[in-house]
Each structure stands twice: as C-alpha cells, then as structure tokens.
Amino acid sequence: MAKDVLCAVNSCTYWAEENKCNAESIFVAYHSSKQPTQSEETDCKTFESK
C-alpha cells in the first residue's frame with residue numbers, strides 16, 4: 001500500500017500542503033467498461049469539491 005498519496009488538485013477537500021491527499025481511502029475508477037491502459041482513462045472518485 002502506498003505510504004503517501006500525492007494529489008495536485010487543490011480544489012479537493014482532501015488536498016493538503018505539499019500536494020498530499022489526506023483521505024482515509026482512495027477510490028479510482030475507469031471511464032468505460034474496458035480496462036484502462038493510461039492514467040487519463042481513470043477518475044478519482046474520492047474527489048470532493050471544497
């Protein structure tokens with residue numbers, strides 16, 4: 001498991017200084033029914049707007 005999760009989306013509730021994510025867990029999903037092969041084909045479902 002990752003020790004530190006980084007996130008550059010500072011409009012998220014879970015964003016913390018030094019681009020760290022302070023959510024207790026992270027949920028990443030994909031855009032369509034096919035398996036993603038690039039990061040651009042995924043979404044962070046943990047995101048909550050500030």
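Source: prediction; values computed, not measured. (Residues numbered from 1 in each chain as written. Predicted model: local features only at pLDDT ≥ 70, side-chain atom pairs only at ≥ 80, totals over all residues. Heavy atoms only, no water.)

Here we take up the overall build of the protein. Counting its secondary structure elements, the protein contains 0 helices and 4 strands. Reading the secondary structure of the protein in the N-to-C direction produces β-β-β-β. By principal-axis analysis of the C-alpha atoms, the protein measures approximately 35 × 25 × 15 Å. Sorting the 50 residues of the protein into buried and exposed places 10% on the buried side. Carbon together with sulfur atoms contributes 50% to the accessible area of the protein, which is approximately 4400 Å² in total. The average position of the 5 basic charges and that of the 8 acidic charges among the side chains of the protein differ by 2 Å. (Helix = DSSP H or I, 4+ residues; strand = E, 2+ residues; numbered from the N terminus. Buried < 20%, exposed > 50% of the residue type's maximum accessible area, 1.4 Å probe, protein only. Areas by Shrake-Rupley, 256 points an atom, 1.4 Å probe, with all protein chains shown as cover. Lys, Arg positive; Asp, Glu negative; His and termini not counted. Charge placed at Lys NZ, Arg CZ, Asp CG, Glu CD.)

Moving on: the pattern of salt bridges. Tallying each qualifying case throughout the model produces 1 salt bridge. Across the pair Glu41 and Lys34 runs a salt bridge, and its minimum N-O distance is 3.8 Å. (Salt bridge = Lys/Arg side-chain N within 4 Å of Asp/Glu carboxyl O.)

Turning our eyes to something else, we now look at the UniProt feature "domain: DUF1540" (unreviewed entry) in the protein. In this structure's numbering, the residues bearing the UniProt feature "domain: DUF1540" (unreviewed entry) are residues 5–47. The straight-line gap between the two end C-alpha atoms of residues 5–47 is 13 Å; of that span, 0% is helix and 23% is strand. (UniProt positions renumbered as here; feature names shortened; annotations may be inferred.)

Note on placement: Lys3 falls in the segment before β1 (15–16). Overall, the relative accessible area of 79% leaves Lys3 in the exposed class. Expressed as a C-alpha distance, the spacing of Lys3 and Glu24, which sit 21 residues apart in the sequence, is 12 Å.

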